[in-house]
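# A closer look at the structure
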Amino acid sequence: QVQLVESGGGLVQAGGSLRLSCSASGLTFSTTVMGWFRQALGKEREFVAAVSRSGGTTTYSDSVKGRFTVSRDNAKNTVYLQMNSLKPEDTAVYYCAADFASLYVRTSPREYDYWGPGAQVTVSS
């Protein structure tokens, strides 16, 4: 049974930093593309970042590029999202997701097979 569990969310002031972690089990983590998405209240779920199986390729949405960094530790079955220079518009529930089928990082939530329950990130102004 595949399980993804996010941790590290919370409340932070604008300009601050948070690091999200997503621990995975029940899958061959090293052969799975991992992504991060977010959903703000009243809005659709949107792509944030994704990392390839080896960690060698990453991609980001324009809204977080230069501020967020996605990485993974295949020995620990964990993917991370380091978030710096946070803005109030980054407030959302953040989800990690697993894409089994692709060799490449993808940005559409429809391509991802399993999802974590989400972690709330709130950035105050």
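The rules behind these values
- Starting from 1, residues in each chain are numbered consecutively following that chain's sequence as written.
- Since the coordinates come from a predicted model, pLDDT governs what is reported: local features require at least 70, and pairs of side-chain atoms require 80 or more to be given and counted, while whole-chain, interface and lining totals use all residues.
- Water and hydrogen atoms were dropped before computing side-chain values, which therefore reflect all heavy atoms in the structure.
- For each residue, the accessible area found with a 1.4 Å probe, counting protein chains only, is set against the maximum for its type, and the residue is called buried under 20%, exposed over 50%, and partly exposed in between.
- The secondary structure listing takes helices from DSSP runs of H or I that are at least 4 residues long and strands from runs of E that are at least 2 residues long, numbered from the N terminus.
- Pairs of strands are assigned from DSSP output, requiring at least two bridges between the strands.
- Helix axes are fitted only over the stretch in contact, all axes being lines through C-alpha atoms; the angle between N-to-C directions runs from 0 to 180 degrees.
- Here a residue-residue contact requires only that any non-hydrogen atoms of the pair lie within 4.5 Å.
- Disulfide assignment relies on a single distance test, namely cysteine sulfur atoms paired within 2.5 Å.
- Here a polar contact is taken to be a pair of N or O atoms separated by no more than 3.5 Å, where protein atoms must pair a possible hydrogen donor with a possible acceptor and residues adjacent in sequence count only if both atoms sit in side chains.

Attention now moves to the pairing of strand β11 (residues 119–124). Two faces, one strand: in a regular strand the side chains alternate between the faces of the sheet. Of the two faces of β11, only one is covered, namely that formed by Ala119, Val121 and Val123; the face formed by Gln120, Thr122 and Ser124 stays uncovered. Examined bridge by bridge, strand β2 (residues 10–13) and β11 share four bridges and lie parallel to one another. Bridged to Val12 within β11 is Val123. The sheet contact formed by strand β9 (residues 92–99) and β11 spans three bridges and is antiparallel. The partner of Ala92 across the bridge, within β11, is Val121.

Across the sheet, four strands lie side by side as β1-β3-β8-β7; this open sheet has antiparallel pairing. The sheet terminates laterally at β1 (3–7) and β7 (68–73), the two strands that pair on one side only. Pairs of neighbouring strands in the sheet enclose a mean axial angle of 15°, with direction left out of account. Of the strand pairs in this sheet, β7 and strand β8 (residues 78–83) are connected by six bridges, and their pairing is antiparallel.

Tracing the backbone through its elements, the reader meets Leu86 in the loop between β8 and β9. When its relative accessible area of 2% is taken as the criterion, Leu86 is described as buried. Sequence separation of Leu86 and Arg67 is 19 residues, and the distance between their C-alpha atoms is 7.7 Å. In this view, Leu86 contacts Val12, Ala14, Gly15, Gly16, Ser17, Leu18, Arg67, Phe68 and Val123; residues no more than four positions away in its chain are not counted.

Enumeration over the complete set of coordinates arrives at one disulfide. Each disulfide pairs two cysteine sulfurs, and for Cys22 the partner residue is Cys96, the sulfurs being separated by 1.9 Å. With the S-S bond torsion at 45°, the cross-link from Cys22 to Cys96 turns out right-handed. Highlighted residues: Cys22 in strand β3 (residues 18–25) and Cys96 in strand β9, separated in sequence by 74 residues. Each member of the pair, Cys22 together with Cys96, is buried.

This part takes up the side chain of Arg67. Turning to its location among the elements, Arg67 is positioned in the loop between β6 (58–60) and β7. Given the relative accessible area of 11%, Arg67 is considered buried. Separated by 3.0 Å, the side chain of Arg67 and the backbone oxygen of Ser85 make a polar contact. Engagement of the side chain of Arg67 in a polar contact is seen with the side chain of Asp90, the distance being 2.7 Å. Beyond its immediate stretch of four places on either side in the chain, Arg67 contacts Gln82, Met83, Asn84, Ser85, Leu86, Lys87 and Asp90.

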